[in-house]
Amino acid sequence: MDIVDKLSILADAAKYDVACTSSGVGRAGGLGSVGNASQAGCCHSFTPDGRCVTLLKVLMTNTCVYDCAYCVNRKSNEKIRRTAFTPRELADLTIGFYRRNYIEGLFLSSGVAGSPDHTTELMIRTLSILRDEHRFRGYIHAKTVPGTSPELIDQLGLLSDRLSVNLELPSSSSLSLLAPEKTRTSIIGPMRQISASIAEDAQSKALREKRTTLYLSKAPNVKARRAWAPAGQSTQMIIGATPETDRHIMDLTEGLYKKYALKRVFYSAYLPVV
C-alpha cells in the first residue's frame, strides 16, 4: 500500500477523535477558487498564546488489539482495511506537508498495535525523527495510550506540546461493559503522571533556564532540555452510549479539571459505527 492510500485510511480513521476542532465539511476545489475542505485529515488547535494552527490529524495505525464496542477500529470489525505508517514514513510525510505550508503541526493518535508500550514506542520514534532529525519546532499533540509505562510517557511528553488520555466513558461500569480491555486505573494513572510532570516542569522552569544558560555558556554544543508538554493535557469522553446522567457527567468533568488541571474536557456524541 502506498503512502497516499495509507494517509487516506488513517486520516479518515482519526476523525472520531475530537480533542481538536475538525473542519467537519467536505468541499472540492473548483475553477477560479483556491483550496478545498476535507472532513478528515486536517484539523485546528489553539496554542497557549492563542494562535490557531492547522494540524495533520492521523493515526499511527488503525490495527488494534482492543475490541471497544463503540470504536470503528475495534479488532472484531472485519469491514475496514488495516494499515500502518512506519515512523519514517509518517515523519517524512509530516515534514513534507509542513514545508509546503499545508500544515503547522501534527495531531497523532493510534490504535493499540500489540501493546500500549509498543504503540507508544512507534509514536516516540516518529516524533524523535521530526524533532531531532528534521529539527521540527511545530506544534505536536500526541494521544497517550492507556496502560503505557511511565518511562515512555516521560519520553513522549518531552517530544510533544500537548498530551491527552481519553477517559472514554463516564463510569467504570460503562468502561468494563463497552471497553473490557481498558480499566479506569490504566487511564487515570497516565493522566495523573502527566498532570504531575507538567506541574513539576513549570515549577522548575526558572531554575532550569538559569542553569541551562550557565551550562551552555561553558558547553555551547549541548542541547537545552525541552519543556515537558507545555500546552498541557486534555481528555475526551463519549456521551450517549451509556445511561449516566448529565449531573454525573458534569460532576465528573469538574473533578477532572480540579484534580488534574486539564486544559479541556471534550465530549463526543455517540455514533453507532460499523
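Check the entry above for the structure.
Model, not experiment: these values are computed from the prediction.

A.B. asks: For this particular structure, what's the right way to read the packing of helix H3 (residues 116–133) against helix H4 (residues 150–159)?
C.D. replies: For the pair H3 and H4, the least separation of the axes is 10 Å and the interaxial angle reads 30°. Comparing their axes, H4 and H3 come out roughly parallel. Between H3 and H4 lies a crossing of left-handed hand. Of the residues in H4, those touching H3 at Asp117, Thr120, Glu121, Met123, Ile124, Leu127, Ser128 and Arg131 are Leu152, Gln155, Leu156 and Leu159.

A.B. asks: How do you make sense of the packing of aromatic side chains when you look at a structure like this?
C.D. replies: Each aromatic ring pair is summarised here by two numbers: the centre-to-centre distance and the angle between the ring planes. A full pass over the atoms with the stated rule returns 2 aromatic pairs. With 5.0 Å between their ring centres and 90° between their planes, Tyr98 and Phe136 make a pair best called edge-to-face. With a gap of 38 residues between them, Tyr98 in helix H2 (residues 87–99) and Phe136 in the loop between H3 and strand E5 (139–143) connect regions that are remote in the sequence. Residue Phe136 is classed as buried on the basis of its relative accessible area, which comes to 3%.

A.B. asks: Please clarify how the pairing of strand E3 (residues 52–59) should be interpreted in this entry.
C.D. replies: The side chains of a regular strand alternate between both faces of the sheet. For E3, a buried count of 7 out of 8 residues is recorded, marking the element as mostly surrounded by other parts of the structure. As judged from the 5 bridges shared by E3 and strand E4 (residues 105–109), these two strands associate in the parallel manner. For Val58, the partnering residue across the bridge sits in E4 and is Leu108. Where the polypeptide runs from E3 across H2 and back to E4, its parallel neighbour, the crossover connection is right-handed.

A.B. asks: Help me understand the environment of Asp117, please; the structure alone is not making it clear to me.
C.D. replies: The topology assignment puts Asp117 in helix H3. Between the C-alpha atom of Asp117 and that of Thr148, which follows or precedes it by 31 residues, the distance is 5.1 Å. With residues near it in sequence (within four places) discarded, Asp117 still touches Gly147, Thr148, Ser149 and Leu152.

A.B. asks: How should I be thinking about the layout of surface pockets in this particular structure?
C.D. replies: Any space left empty among the atoms is revealed by the rolling of a water-sized probe across them. Volume-wise, the second largest pocket comes out at about 710 Å³. Around the second largest pocket, the lining comprises 35 residues; the ones closest to its centre are Asp17, Tyr70, Cys71, Asn166 and Glu168. Counting residues per element, the ones that place at least two in the lining of the second largest pocket are strand E7 (233–239) and strand E8 (264–269). Along the lines of polarity and charge, the residues of the lining of the second largest pocket split into 20 nonpolar, 8 polar and 7 charged.

A.B. asks: How do you make sense of H2 when you look at a structure like this?
C.D. replies: Helical geometry: 3.6 residues make up each α-helical turn, so side chains three or four residues apart lie on a common side. For H2, with 13 residues, the first-to-last C-alpha span of 18 Å sits near the 18 Å given by 1.5 Å per residue. Buried within H2 are the following residues: Pro87, Leu90, Ala91, Leu93, Thr94, Ile95, Gly96 and Phe97. The inward-facing, buried residues of H2 abut helix H1 (3–13), E3, E4 and H3. Just downstream of H2, Asn101 is the residue with a positive phi angle, here 65°.

A.B. asks: Can you help me understand the packing of H2 against H3 in this one?
C.D. replies: Working note: a packed helix pair is described by the angle between its axes plus the distance between those axes. Look at H2 against H3: their axes get within 8 Å of each other, and the N-to-C directions meet at 40°. The orientation of H2 with respect to H3, classified from their angle, is oblique. Considering the relative orientation of H2 and H3, their crossing is right-handed. Residues Pro87, Arg88, Leu90, Ala91, Thr94 and Ile95 of H2 pack against Leu122, Arg125, Thr126, Ile129, Leu130 and Glu133 of H3. Across the contact of H2 with H3, the residue classes break down as 7 nonpolar, 2 polar and 3 charged.

Criteria and cut-off values
- Residues numbered from 1 in each chain as written.
- Predicted model: local features only at pLDDT ≥ 70, side-chain atom pairs only at ≥ 80, totals over all residues.
- Heavy atoms only, no water.
- Axes fitted to C-alpha atoms, helices over the stretch in contact; angles between N-to-C directions.
- Helix = DSSP H or I, 4+ residues; strand = E, 2+ residues; numbered from the N terminus.
- Parallel < 35°, antiparallel > 145°, perpendicular 65-115°, else oblique.
- Left-handed = near helix turned anticlockwise from the far one by under 90°.
- Contact = heavy atoms within 4.5 Å.
- Phe/Tyr/Trp six-rings, centres within 6.5 Å; stacked < 30°, edge-to-face > 60°.
- Buried < 20%, exposed > 50% of the residue type's maximum accessible area, 1.4 Å probe, protein only.
- Pairing = 2+ DSSP bridges.
- Right-handed = clockwise from strand over helix to strand, strands pointing away.
- 1 Å grid on protein atoms, 1.4 Å probe; cavity = no way out; pocket = protein on both sides within 12 Å on 5 of 7 lines; lining within 4 Å.
- Points joined across faces, edges and corners; volume = space filled by probe spheres on them.
- Nonpolar A, V, L, I, M, F, W, Y, C, P; charged D, E, K, R; others polar.
- Expected span 1.5 Å × (residues − 1).

Purely geometric stuff here, so don't read any function into it on its own.
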